[in-house]
Amino acid sequence: MENLTFPSEFVWGVSTSAFQIEGATTEGGRGPSIWDTFTATDGKIARGEQAKVAADHYHRYPEDIAMMAELGVDAYRMSFAWPRIQPDGKGAPNAEGLAFYDRLIDAVCEAGIAPAATVYHWDTPQPIEDAGGWLVRDTAERFAEYASILGEHFADRVKMWIPLNEPMVMSIYGYAIGEYAPGQFLLLDAIPTAHYQNLAHGLAVQALRAAGATNIGTANNHSPIWAAADTPADNAAAAWLDALLNRTFAEPLLLGSYPDEIVEHLPERFADDLPTIAQPLDFYGVNYYEPQGAAAPGEGNPLPFELRPVEGYPVTTNDSPIVPDGLRELLVSFHERYPDLPPVYITENGCSFDDVVASDGGVHDQDRIDFLTGHLGALREAMDAGVDVRGYFTWSLLDNFEWSKGYAPRFGLVHVDYETQRRTPKDSFDWYRKLVSGT
Ligand code: IFM
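Residues numbered from 1 in each chain as written. Predicted model: local features only at pLDDT ≥ 70, side-chain atom pairs only at ≥ 80, totals over all residues. Heavy atoms only, no water.

## Regarding the sheet that holds strand β11 (residues 389–395)
- A sheet is described by the order of its strands in space; here eight strands give the open sequence β4-β3-β2-β1-β11-β10-β7-β5, paired in parallel fashion. Pairing within the sheet leaves two strands with one partner each, and these edge strands are β4 (160–164) and β5 (220–221).
- Judged from the five bridges that link them, strand β1 (residues 11–15) and β11 form a sheet pairing that is parallel. Bridge pairing in β11 places W12 opposite Y392.
- In the packing of helix α15 (residues 427–437) onto the sheet, the strands contacted are β1 and β11, and the crossing angle to β1 comes to about 155°. (Pairing = 2+ DSSP bridges. Helix = DSSP H or I, 4+ residues; strand = E, 2+ residues; numbered from the N terminus. Contact = heavy atoms within 4.5 Å. Axes fitted to C-alpha atoms, helices over the stretch in contact; angles between N-to-C directions.)

Structure follows, in structure tokens:
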């Protein structure tokens, strides 16, 4: 760990999200979300798995918080489930939903850990989707109302606020290619969902601040985009994909503008919303997993690019190529592109492997330790190159429900046996504990 030295005030954390760990999907007055609907639909999730129990965090959060305390992290990034707070997606809050998060957040604070809250991690209330979801402007207004409820109730305890997690994934996987809920296949006609999520971000930042919340940022996932070959056609395709995946979500917030490629696909009068979207941010959260390859589209492809796997690297069980230097490249490129980039937090970074409990009772995930060592080394290099990075949250505390891939990809520092809900800290847990404590 000798090259992994970080400033003493650097924030170390772990990340989770509500739908992936809570379970209890029909308890406490929670309403249905698009992910409940999607997971109940045949053929959408590997092995037909659902998240009705997940890691049972709704009931086992005291045990999970005790593990975080043992881990010694400074901060815990969790998400609120919108359908627990507003079961119909609008109107007065559900008291039981607020009470659950009161218990959770109070216990996190009592453990000496700072709560970092994501307002929305993809679990749209089903009635909101039925009214048009992220394809309609009203959802942004509904979202601001929801954020305001959370701000009023939790601003006194939550130390970092993230309105939306990875809006790109919702737009592309949820609405463009239908691999995730709500399962729509709209290709470039999904781009309005990016705008309405960006608008929801801006309105939520305003609503949270009005409610007294401070330290408000983002959690956008970004990838360096690599052209398959250094040809004009592949480079143009890579530039288009970069505009779609990275710049469409970063630039409205940071610059108050959209990349030219995207503009013709946006809703009419989108420009009127840009001042609302470009709220000053206290930090910019980056979720990094992998670079993305792009090539010129083949005959008959309706898109201006074709995705290409990045080859020549080991891969995780979630099919992600392991490219630590991609994190350095990404951060340095953001630093150069956006001179006014606020302080950065890595709000997610992690990997999935086939982790098993060995006969000695341990989980020996040296591959995760290697992954984290590589990525934190790359992060350190980015900081040495001038990027102002203030903290790192690894994904994830626990093994959890990995969306359409179900439970097979295991991302946790802690192994979860889904039959018994037994938690077993992996070797990487101990490694991270030592890193965090500086021993
Ligand atoms: O599990 C997801 C998380 O919900 C969002 N970011 C990426 C993670 C790993 O795929």
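## Side note on unusual backbone geometry
- The residue after A181, namely P182, is reached through a cis peptide bond having omega 10°.
- Cis rather than trans, the peptide bond between W395 and S396 has omega equal to 20°.
- Non-glycine residue A54 carries a positive phi angle of around 50°.
- Note that A54 resides in the loop between α2 (34–39) and α3 (57–71).

## Regarding the packing of aromatic side chains
- Under the defined criterion, the tally for this structure stands at 37 aromatic pairs.
- An angle of 90° between the planes, with centres 6.0 Å apart, marks the rings of W12 and Y432 as edge-to-face. Placement of the pair is W12 in strand β1 and Y432 in helix α15, with a sequence separation of 420 residues.
- Classification of W12 as buried rests on a relative accessible area of 6%.
- Look at Y432 and you get buried, because its relative accessible area is 0%. (Phe/Tyr/Trp six-rings, centres within 6.5 Å; stacked < 30°, edge-to-face > 60°. Buried < 20%, exposed > 50% of the residue type's maximum accessible area, 1.4 Å probe, protein only.)

## Digging into the environment of L104
- Tracing the sequence through the fold places L104 in helix α5 (residues 95–110).
- Given a relative accessible area of 2%, L104 falls into the buried group.
- Sequence spacing of L104 and I65 is 39 residues, and the spatial spacing of their C-alpha atoms is 8.6 Å.
- When neighbours within four sequence positions are excluded, L104 is seen to be in contact with H57, Y61, I65 and M78.

## Details of the site of the ligand
- Around the ligand lies a shell formed by Q20, H121, W122, N165, E166, Y289, N318, E348, W395, E402, W403 and F411.
- Contact between the ligand and W395: an oxygen atom at 3.4 Å from a side-chain N or O atom of the residue.
- At a separation of 2.8 Å, an oxygen atom of the ligand approaches a polar side-chain atom of W403.
- About the coverage of the ligand: the protein hides 92% of its 280 Å² of free accessible area. (Near = heavy atom within 4 Å. Polar contact = N/O pair within 3.5 Å; in protein donor to acceptor, adjacent residues only side chain to side chain. Areas by Shrake-Rupley, 256 points an atom, 1.4 Å probe, with all protein chains shown as cover.)

## What about the nonpolar core?
- Counting 136 residues, the largest nonpolar core has W161, L379 and Y432 as its most contacted members.
- If near-sequence neighbours (up to four positions away) are discounted, Y432 is found in contact with W12, G13, V14, L71, V73, Y392, T394 and L413.
- Residues A75, A116, M160 and I162 belong to the second largest nonpolar core, which totals nine residues. (Core = buried A, V, L, I, M, F, W, Y, C linked by side-chain atoms within 4.5 Å.)

## As for the environment of V357
- Mapped onto the secondary structure, V357 falls in the loop between β10 (344–348) and α14 (366–384).
- Sequence separation between V357 and N246 is 111 residues, and the spatial gap between their C-alpha atoms is 38 Å.
- If near-sequence neighbours (up to four positions away) are discounted, V357 is found in contact with G362, V363, H415 and T424.

## Considering the pattern of salt bridges
- Tallied over the full model, the rule gives 29 salt bridges.
- With its nearest N and O atoms 2.9 Å apart, the salt bridge here joins E251 to R247. On the criterion of helical spacing, the pair formed by E251 and R247 is a turn pair, its members being four residues apart in helix α10 (residues 232–254).
- Overall, the relative accessible area of 22% leaves R247 in the partly exposed class.
- Its salt-bridge partner being R368, residue D365 comes within 2.9 Å of it at the nearest N-O pair. Comparing D365 with R368 shows no difference in burial state: the two are buried. (Salt bridge = Lys/Arg side-chain N within 4 Å of Asp/Glu carboxyl O.)

## As for the sheet that holds strand β9 (residues 306–308)
- Taking strand neighbours across the sheet as the criterion, the three strands line up as β6-β8-β9 in an open arrangement whose pairing is mixed. The open sheet has two edge strands, β6 (225–227) and β9, and neither has a second partner. Across the sheet, the mean angle from the axis of one strand to that of its neighbour is 40°, orientation sign disregarded.
- As paired elements, strand β8 (residues 292–295) and β9 share three bridges and run antiparallel to each other. Its bridge partner being in β9, A294 is matched across the sheet by L307.

## What to know about empty space enclosed by the protein
- In total, this model carries four cavities of 30 Å³ or more according to the counting rule given.
- For the largest cavity, the lining is made up of 13 residues, of which L164, P167, H201, N220 and L253 are closest to its centre.
- Those elements that provide at least two residues to the lining of the largest cavity are β4, α9 (191–210) and α10.
- Its residues assigned to classes, the lining of the largest cavity shows seven nonpolar, six polar and no charged.
- Quantified by volume, the second largest cavity comes out at close to 40 Å³.
- As for the second largest cavity, its lining consists of Y289, T316, N318, S320, P321, G350, F371 and F411.
- Partitioning the lining of the second largest cavity into residue classes produces four nonpolar, four polar and no charged. (1 Å grid on protein atoms, 1.4 Å probe; cavity = no way out; pocket = protein on both sides within 12 Å on 5 of 7 lines; lining within 4 Å. Points joined across faces, edges and corners; volume = space filled by probe spheres on them. Nonpolar A, V, L, I, M, F, W, Y, C, P; charged D, E, K, R; others polar.)

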